[in-house]
Amino acid sequence: MIVFKLVLKQFGGTNLVEEKEYLKVVTADYTGDISVYGDVVIGQGIFVRGDVFASSGSVFVRPGAVIRGKVEAGINIYISKEAKIIGQVKAFHVENRGEINGNVHKVNFYRSFGGTSTGKIEAISVLIGKYGVHRGLIDSMCTKINKQGRHFKE
């Protein structure tokens, strides 16, 4: 795999995005949309202002990172502790350990362990663990909800 670095302009300075064939790693604050056929990793403590799109891969949001924009992935979105997405989220599977301020749109499985979310969740199956918090509507095909707040499709 050939590795190269692309320097992008922002706020009068530069940003560094490391690229491999099917991977982009954002290592500095970035303004603009990010799109890749593969995976995107938003580094620890990084602020991204723009949409993030991983057409056939996953998006990994590391601790302390913030994305202000829509996030879409063909496979998974993983939101680490202390990470935050402000905008709509869409993927096959979403795992939230951080914070989502926006709608979770058309996912097969959403689960939250210690994460918080506000907005509408549209998913086939939803699992909100013991320390997870959701404020908003849940539109799910689940028919069973137990006292821990866990939702399952039957």
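Refer to the preceding data block for the structure.
Residues numbered from 1 in each chain as written. Predicted model: local features only at pLDDT ≥ 70, side-chain atom pairs only at ≥ 80, totals over all residues. Heavy atoms only, no water.

### Observations concerning the pattern of salt bridges
Link 1 in the chain: Scanning the model with the defined rule gives 4 salt bridges in all.
Link 2 in the chain: R97 serves as the salt-bridge partner of E95, at 3.0 Å between the closest nitrogen and oxygen.
Link 3 in the chain: Classification of E95 by relative accessible area gives buried; the value is 9%.
Link 4 in the chain: By relative accessible area, R97 is classed as partly exposed at 34%.
Link 5 in the chain: Linking R111 and E95 is a salt bridge whose minimum nitrogen-to-oxygen distance equals 2.7 Å. Here R111 is found in strand β17 (residues 104–112), whereas its partner E95 is found in strand β15 (residues 93–96), with 16 residues between them in sequence. (Salt bridge = Lys/Arg side-chain N within 4 Å of Asp/Glu carboxyl O. Buried < 20%, exposed > 50% of the residue type's maximum accessible area, 1.4 Å probe, protein only. Helix = DSSP H or I, 4+ residues; strand = E, 2+ residues; numbered from the N terminus.)

### Section: the sheet that holds strand β20 (residues 133–135)
Link 1 in the chain: Pairing is parallel in the open sheet, where 7 strands are placed in the order β4-β7-β10-β13-β16-β18-β20. Each edge of the open sheet is held by one strand with a lone partner, namely β4 (30–31) and β20.
Link 2 in the chain: With 3 bridges connecting them, strand β13 (residues 84–86) and strand β16 (residues 99–101) associate as parallel partners. Paired with K84 across the strands is E99, a residue of β16. (Pairing = 2+ DSSP bridges.)

### With respect to the pairing of β15
Link 1 in the chain: By the alternation rule, side chains of β15 split into H93 and E95 and V94 and N96, which are all buried.
Link 2 in the chain: As paired strands, β15 and β17 are joined by 4 bridges and run parallel to one another. Across the sheet, residue N96 finds its bridge partner in β17, namely S112.

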